[in-house]
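Residues per chain, in single letters:
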Amino acid sequence: MKKPWHKITENLIPVFRRRLSGVDALPQLAVLGLLSGLITGSVILVFRFAIEWPLEQFLPGPGSESFEELSLLARAVLPLAGAVALGLMLHRLATQDRKVGVVHVMERLNYHQGYISVRSALVQFVTGVATVVTGQSAGREGPAVHLGAAFSSLVGQWMRLPNNSIRTLVACGCAAAISASFNTPISGVIFAMEVVMMEYTIAGFTPIILASVTAAVISQAAYGSEPAFSVPALTMNSLLEIPWIIAVALVIGIAAAAFIQLVDTFGRHHQRPVILRLTIAGLLMVPFAILVPQVMGIGYDTVQLTIDHQLTFWVLLGVGVAKLLITSVTLGLGMPSGVIGPTLFMGATLGGAMGLVGAQILPNMASSIGFYAMLGMGAMMGAVLQAPLAALMALMELTRNPNIILPGMLIITTASLVTSEVFGKKSLFLTMLKSQGMSYQNSPVIQALRRVSVGAIMDRNILRTERFLTAEEARKVLKSEPKWLIVEGSNGPTALMPAVDLARFMEDSSDSTPETEKKSEDTEKPADEEPAKIDLINIPANRRDIGPVQYQATLEEALNVFDQSSVEALYVQRHVAPTIQRIYGVLLKSDIESYYQYRRS
């Protein structure tokens, strides 16, 4: 007779969770990666449709980015009205619910083990669509990363997976979002690990790669296999261009540092009312929208014109500087816009402008303007995000040309070094976290502890028992040969003691009982006389104070519980019903230290 499907599921899911507690559960992580890619790819399709469809209906020109075709009045009113509407909406939300974007994902990873709420995902969806549709200087990739991370996290929460697995799911969602947005699966993987997780692990690569590839397949099914930009064959004409490429890297590095500084400066006003900040951001957007309408929306049409050498030097320089100024100011004031798209826009236009200058200096040897535009995109992305490898992979996948690798490596690393070492700037996302009074822990020890759940190393050989036991009850307890006894108090578990200590006490009590007392015990006692009780809290034993930790917790969380409390041991529990908690095992601080030392050796 076949078992019902729900019975099979009930048996498989606990085993699946238990396997995911450790760091080496590759088959299970691979399944999660595929699931995350499917969900994220589908969500990004809906998100892109929600942006592109109304713009195609509303804008007078072809496509979804022809803001330049709007009248002067429409260009002035649209971003201001959109900013005020966003301010009114966010004003009604709690401060925590207003947080969106890659920075919020990093905050949830660092402080909340990757738990992202449904409300957060909905707020990001609405604000991500609204900022682009109303013509703010915004990108869609940052919101897409948030959405991919959120929906992947929600899957893990729904399945009640260990927290280390939820962290992996968040990374999968980030990679899948970048992959689906640009059709660049490799850079999606590197972005998730270099920018968001800030770590590389062998076990992490497999699920993240699968998520990225799956999302790319879904995106290609809807939009085709072409990358985000149509790039002609690009190559460096002469090695004599290398000094000029370094000069371009210096300019891009300075621009990236200025961008980060402006975001940080205006971000210091985050304590002021959100409706006031966004209204000011909308007012500041008005003159830019009127005079430089290319900065409105995502601006990938301008990037494509730059690559195709359709814009003059002063137009490129003007729109590049304008995009840098208005994006940094509005982002710092709290506009919930993405930053990756504007970063590519700034890099392409400034790089293209420098390419035109180079063509004047070396007219017979200079490479095409599109070549410098693409190098500028990679350099600006690498410098602003301090993610040179992710930028290089994006550059290679967008051009699909291996000839760009050598100059790409040179310009990206040089620009990143100028931003970080000459101007002392950290990644934009880390800078924004710091301005909010937060940091990102990425030491090797913390990273190692985050990858493992308490369920992987806890001792399951336990038995819960009451504090007071008769000799007969004590013998029954010891008969199952537990290693640890969890002593119940009036308000739950109160102490942990080795079962061997109870056995020793029972043996000593038996040896010390006089023969006359043994005989008297054999005689029949009065029916109303209760047998003597053993108090497990008062007998000689190596007892430890005990506290709770959730089954989903990572070793980092368990170590934090030890550090923040006076307990000497933790019991691992999970809610199985609204008022019922089941205990699965116990964990000592020495177990965590021993595990880390073993893994490191």
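Further up the page is the structure itself.
Rules behind the numbers
- By convention here, each chain's residues receive numbers from 1 onward along its written sequence.
- With the structure being a predicted model, the display of local features is reserved for residues of pLDDT at least 70 and the display and counting of side-chain atom pairs for 80 or more, all residues being used for whole-chain, interface and lining totals.
- Hydrogens and waters are ignored; side-chain quantities use all the structure's heavy atoms.
- Under the DSSP-based scheme used, a helix requires at least four consecutive residues in state H or I and a strand at least two consecutive residues in state E, with every element numbered from the N terminus.
- Throughout this description, buried means an accessible area under 20% of the type-specific maximum (1.4 Å probe, protein chains only), exposed means over 50%, and partly exposed covers the range between.
- The contact definition used throughout considers only heavy atoms, calling two residues in contact when any of these lie within 4.5 Å.
- All accessibility values rest on the Shrake-Rupley procedure with a 1.4 Å probe; residue burial counts only the protein chains present in the view.
- Think of it this way: Lys and Arg go in the positive column, Asp and Glu in the negative one, and His and the chain ends go nowhere.
- In plain terms, the charge of a residue is placed at NZ if it is Lys, CZ if Arg, CG if Asp and CD if Glu.
- Polar contacts, as used here, are pairs of N or O atoms within 3.5 Å; protein pairs need one atom able to donate a hydrogen and one able to accept it. Residues neighboring in sequence count only if both atoms are side-chain atoms.
- All axes here are fitted lines through C-alpha atoms, helices being fitted over the stretch that makes contact, and every angle between N-to-C directions spans 0 to 180 degrees.
- An angle below 35 degrees is treated as roughly parallel, one above 145 as roughly antiparallel, one from 65 to 115 as roughly perpendicular, and anything else as oblique.
- Two helices crossing with the near one rotated counterclockwise from the far one by less than a right angle form a left-handed crossing, whereas a clockwise rotation gives a right-handed crossing.
- Under the scheme applied here, ten amino acids are nonpolar (Ala, Val, Leu, Ile, Met, Phe, Trp, Tyr, Cys and Pro), four are charged (Asp, Glu, Lys and Arg), and all others, including Gly, are polar.
- The rule for a salt bridge is simple: a side-chain nitrogen of Lys or Arg has to be within 4 Å of a carboxyl oxygen of Asp or Glu.
- A pair of aromatic rings is counted whenever rings of Phe, Tyr or Trp (Trp by its six-membered ring) have centres within 6.5 Å, and the orientation is called stacked for planes under 30 degrees apart, edge-to-face for over 60 and tilted otherwise.
- By definition, being over a ring means that NZ of Lys or CZ of Arg is both within 6 Å of the ring centre and within 35 degrees of the ring normal.
- Between any two strands, pairing holds if DSSP finds at least two bridges.
- Here a helix's expected span is defined as the number of its residues, less one, multiplied by 1.5 Å.
- The bend at a residue is defined as the angle formed between two axes, one fitted to the seven residues ending at that residue and one fitted to the seven starting there.

Engineer: Please provide a residue-by-residue account of the overall build of the protein, values included.
Structural biologist: Broken down by element type, the protein carries 24 helices and eight strands. C-alpha extents for the protein along the principal axes are approximately 115 × 55 × 50 Å. Buried positions account for 55% of the 601 residues belonging to the protein. Partitioning the intrachain contacts of the protein with sequence separation of at least 6 by distance along the chain shows that 76% fall at a separation of at least 24. As displayed, the protein has an accessible area near 26,300 Å², and 61% of this comes from carbon and sulfur atoms. Taken as two groups, the 45 positive and 45 negative side-chain charges of the protein have centres that lie 4 Å from each other.

Engineer: Account for the side chain of Glu 556, naming residues and giving values.
Structural biologist: Structurally, Glu 556 is set in helix α23 (residues 555–564). By relative accessible area, Glu 556 is classed as buried at 7%. A polar atom in the side chain of Glu 556 sits 3.1 Å from the side chain of Gln 113. Not counting residues up to four positions away in its chain, the partners in contact with Glu 556 are Gln 113, Ile 446, Leu 449 and Arg 450.

Engineer: Quick rundown of the packing of helix α15 (residues 369–385) against helix α16 (residues 388–399)? Include the residues and the values.
Structural biologist: Where α15 meets α16, the closest approach of the two axes is 8 Å, and the angle between their N-to-C directions is 155 degrees. By the criterion of interaxial angle, the relationship of α15 to α16 is roughly antiparallel. You can see that α15 and α16 cross each other, and the crossing is right-handed. Residue-level contacts link Met 374, Leu 375, Met 377, Gly 378, Met 381 and Gly 382 of α15 to Pro 388, Ala 390, Ala 391, Ala 394, Leu 395, Leu 398 and Thr 399 of α16. Among the residues making up the contact of α15 with α16, the classes are represented as ten nonpolar, three polar and no charged.

Engineer: I'd like to hear about the pattern of salt bridges, residue by residue, with values.
Structural biologist: Taken as a whole and judged by the stated rule, the model has 13 salt bridges. The salt bridge involving Glu 52 is made with Arg 48; its shortest N-O contact spans 3.4 Å. Of this pair, Glu 52 and Arg 48 are both found in helix α2 (residues 26–58), four residues apart, which corresponds to roughly one turn of the helix. Look at Arg 48 and you get buried, because its relative accessible area is 10%. The partner of Arg 268 in a salt bridge is Asp 264, with the nearest N and O atoms 3.4 Å apart. For Arg 268, a relative accessible area of 54% corresponds to the exposed category. Take Asp 264: its relative accessible area is 18%, and that puts it in the buried class. Shared partners join several salt bridges into a network, and the residues in it are Arg 48, Glu 52, Arg 140 and Glu 141.

Engineer: Break down the packing of aromatic side chains for me, with residues and values.
Structural biologist: For the structure shown, the criterion picks out six aromatic pairs. Measuring from centroid to centroid gives 5.4 Å for Phe 371 and Tyr 372, while their planes differ by 90 degrees, and the two rings are edge-to-face. Using a relative accessible area of 1% as the deciding quantity, one classes Tyr 372 as buried. When the ring centre of Tyr 223 is taken as origin, the NZ or CZ atom of Arg 48, which lies over that ring, is 3.8 Å away.

Engineer: Give a description of the side chain of Arg 108 that names residues and reports values.
Structural biologist: When you line up the elements, Arg 108 lands in helix α4 (residues 101–112). Summary of buried charges: Arg 108 has no salt-bridge partner, and the nearest side chain of opposite charge, Glu 107, is 5.0 Å away. If near-sequence neighbours (up to four positions away) are discounted, Arg 108 is found in contact with Gln 96, Gln 113, Gly 114, Tyr 115 and Ile 116.

Engineer: Requested: an account of the pairing of strand β4 (residues 492–498), with residues and values cited.
Structural biologist: Taking burial as the measure, the seven residues of β4 include six buried ones, the bulk of the element. In the sheet, strand β3 (residues 484–489) pairs with β4 via six bridges, with the strands oriented antiparallel. Within β4, the residue paired with Trp 484 across the bridge is Pro 498. Between β3 and β4, which pair antiparallel and follow one another directly, the connecting turn spans two residues. Alignment of β4 against strand β6 (residues 544–550), held across two bridges, turns out to be antiparallel. Residue pairing for β6: Leu 496 is matched across the bridge by Arg 544.

Engineer: How would you explain the packing of helix α12 (residues 300–307) against helix α14 (residues 340–361) if you had to name every residue and give the values?
Structural biologist: The contact between α12 and α14 brings their axes to 9 Å, and the two run at 25 degrees. As judged from the angle between their axes, α12 and α14 are roughly parallel. Taken as a pair, α12 and α14 cross one another with a handedness that is left-handed. Listed contacts from α14 to Tyr 300, Thr 302, Val 303 and Thr 306 of α12 are Gly 341, Leu 344, Phe 345, Ala 348, Thr 349 and Gly 352. Class assignment for the residues of the contact of α12 with α14 results in five nonpolar, five polar and no charged.

Engineer: Hey, could you go over helix α8 (residues 185–197) for me, with residue numbers and the actual values?
Structural biologist: Under the 1.5 Å per step criterion, the end-to-end length of α8 is 17 Å for 13 residues, consistent within 8% with the ideal 18 Å. The largest bend in α8 amounts to roughly 30 degrees and is located at Phe 191. Counted residue by residue, α8 has eleven buried out of 13 residues, so it is predominantly covered. Residue Met 198 follows α8 closely and has a positive phi angle near 60 degrees.

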